[in-house]
Structures are given as C-alpha cells and as structure tokens.
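Okay, here's what each chain looks like letter by letter:
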Amino acid sequence: MRPTGRRRQRRWFQAVVLGSALLLAPNAWLHVAESAEVGTVASAPDAPVAVVFGAGLMDGEPSPYLAHRLDAALELYRAHKVRVILVTGDNGTVQYDETDAMRAYLIERGVPAVRVVGDYAGFDTWDSCSRAHRIFGVDRALLVSQTFHLRRALALCGAAGIDAYGVGVEEWHDTTWKYGEAREVGSALKAALSVLLRPDPTLGPREDGVARALADAEREGSGG
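Below: a short report on this structure. Source: prediction; values computed, not measured.

### Quick word on the overall build of the chain
Line of reasoning, step 1. Counting secondary structure elements, the chain contains 7 helices and 8 strands.
Line of reasoning, step 2. The proportion of buried residues among the 224 residues of the chain is 46%.
Line of reasoning, step 3. Only carbon and sulfur atoms are counted for the fraction: they give 56% of the accessible area of the chain, which is about 11,900 Å².

### Quick look at the pattern of salt bridges
Line of reasoning, step 1. Applying the stated criterion across every chain yields a total of 7 salt bridges.
Line of reasoning, step 2. Between R212 and D208 there is a salt bridge whose closest N-O contact spans 3.1 Å.
Line of reasoning, step 3. Two residues, R219 and D216, come together in a salt bridge whose shortest N-O distance is 3.7 Å. Highlighted residues: R219 and D216, both in helix α7 (residues 209–221), separated by 3 residues, approximately one helical turn.
Line of reasoning, step 4. With a relative accessible area of 22%, D216 lands in the partly exposed category.
Line of reasoning, step 5. Through salt bridges with shared partners, a single network forms among R115, D216, R219 and E220.

### Examining the sheet that holds strand β1 (residues 38–39)
Line of reasoning, step 1. Strand order across the open sheet formed by 6 strands is β1-β8-β7-β2-β5-β6, with parallel pairing between neighbours. Across the chains shown, the open sheet's two edge strands, defined by having one partner strand only, are β1 and β6 (116–119).
Line of reasoning, step 2. Together, β2 (49–53), β5 (84–88), β7 (140–146) and β8 (163–169) form the strand contacts of helix α2 (residues 64–78), whose direction differs from that of β7 by roughly 145 degrees.
Line of reasoning, step 3. The sheet strands contacting helix α4 (residues 125–134) are β2, β5 and β6, and the helix crosses β2 at an angle near 155 degrees.

### Focus on α4
Line of reasoning, step 1. With 8 of 10 residues buried, α4 lies mostly within the body of the structure.
Line of reasoning, step 2. Within α4, burial applies to T125, W126, D127, S128, C129, S130, R131 and A132.
Line of reasoning, step 3. Capping the start of α4, D124 holds a side-chain oxygen 3.3 Å from the backbone nitrogen of W126, two or three residues further along.

### A closer look at the packing of aromatic side chains
Line of reasoning, step 1. All told, the structure shown has 1 aromatic pair when counted by the stated rule.
Line of reasoning, step 2. Measuring from centroid to centroid gives 6.5 Å for Y65 and F148, while their planes differ by 40 degrees, and the two rings are tilted. Here Y65, found in helix α2, pairs with F148, found in helix α5 (residues 147–160); they are 83 residues apart in sequence, far enough to count as distant. Considered together, Y65 and F148 belong to a single accessibility category, that of buried residues.
Line of reasoning, step 3. Sitting above the plane of the Y105 ring, R109 keeps its charged end 3.5 Å from the centroid.

### Structural notes on the pairing of β8
Line of reasoning, step 1. Burial of β8 is extensive: 6 of the 7 residues sit out of reach of the surface.
Line of reasoning, step 2. Of the strand pairs in this sheet, β1 and β8 are connected by 2 bridges, and their pairing is parallel. Each residue of the ladder has a partner; that of V38, found in β8, is G166.
Line of reasoning, step 3. Sheet topology places β7 next to β8; 7 bridges connect them, and they run parallel. In the strand pairing of β8, L142 is matched with Y165.

Rules used throughout
- Residues numbered from 1 in each chain as written.
- Predicted model: local features only at pLDDT ≥ 70, side-chain atom pairs only at ≥ 80, totals over all residues.
- Heavy atoms only, no water.
- Helix = DSSP H or I, 4+ residues; strand = E, 2+ residues; numbered from the N terminus.
- Buried < 20%, exposed > 50% of the residue type's maximum accessible area, 1.4 Å probe, protein only.
- Areas by Shrake-Rupley, 256 points an atom, 1.4 Å probe, with all protein chains shown as cover.
- Salt bridge = Lys/Arg side-chain N within 4 Å of Asp/Glu carboxyl O.
- Pairing = 2+ DSSP bridges.
- Contact = heavy atoms within 4.5 Å.
- Axes fitted to C-alpha atoms, helices over the stretch in contact; angles between N-to-C directions.
- Polar contact = N/O pair within 3.5 Å; in protein donor to acceptor, adjacent residues only side chain to side chain.
- Phe/Tyr/Trp six-rings, centres within 6.5 Å; stacked < 30°, edge-to-face > 60°.
- Lys NZ or Arg CZ within 6 Å of the ring centre and 35° of its normal.

Here it is in structure tokens:
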C-alpha cells in the first residue's frame, strides 16, 4: 500500500506543479514579450494619441490610481508628446460613468474639450484596445496605466492592431498595488485567451472624435 500512496502523492505533486506552470506561463509571457515597450513620461516617444484606461471612481471622482493615470496623460499632453487623449472606461449604468469623470478631470486642468475623446464601452482592457482601433481608428498610441497592468495592455492593444508604447505610473506598493499585481496573474490568462481568440468587443458605429481632435491639433499647429 505504501508504494501506491507514494505514487498518488507524486502524481498530485506533479499535477500541482503543472497547474502552477500553466497558470503562471501567460504572466511570464507578458513580462518577456512586452517589457521593452514600457517606460516613463520622459522616455516615451511621440504618438498621436494617449489611451488612458479606467481604474474606478470614488464618490463620482477618479480614484487615486485613476487620477495618477490622468496626471501622467496630462504631462504627456503638456510636453507635446501626444495631441489627443482617449479616455476609455465603464459607463454600463447611468449611476456609474468613469468616462465623463475622466474627461472632466482633464478638461478642468486645461486640456481643450475637443482633444479629450471618451469611449463609454471600455468594459475591460481587450474591449478598450479593440474599440480604440476598430471604432476610433487609433493605429499608434501611448498607453497610460500602472506598471503592473501595462504589459497586459500592450499585448492586447498590439493584438488589436495598435502600435503601442506603455507609460508606466508608479505607486507606493501598498495593499492596493499588491492586490493589482496578484489580480494580474488571472488576468494574464484571460489576456492570452483574448489574443488567441480575438473576441468581438461591444461595438457600435465608427466614432470620428479622435480624427476631429487630430484635425483640430493640425489646424492649431499650422496657425489656422
């Protein structure tokens, strides 16, 4: 009986090791594949558009993590590294509107309203990336998020057809940060499936907000 028990234990151990490897493989893939494309506001190249992903509201205002993302996008705009900011978030109900809160934050800090375009159906990172390309016509962009999320965003936006560079927002490694890092393990698996399967996001008519914003920037640059 003992050899049988040891074999059973060995098989359980092997199953646990294999399961752990399969679970962690997508996260390792993201770190290896996308690390070279993550930098800071200072190191970021110029791009037409910055894409800012939603990160929750508190009493109708951007959460601290979301506010820091928006501040980084504001720095990019003021440094003339981007001409348009696309804010993508969840507006699934009348009571919860990430996108308008993000737009208001940037407009109140001096970005012209025409240059802040809102995507109201960015329910997750894949939807945000896919809609940015398919609905708003974004082909090249700087992605703005906390560093633990950026590699996944880069992989998904790349799969969606966007030539992207990540601008990382650093935070204190507090409980929220640690939760975000832990959550990325499961989210990386979902990202890998999205890259493989390319599911359709919530779609609608093509939006011309980004094109109009870029045209406005072009007119301003030419003195028109």
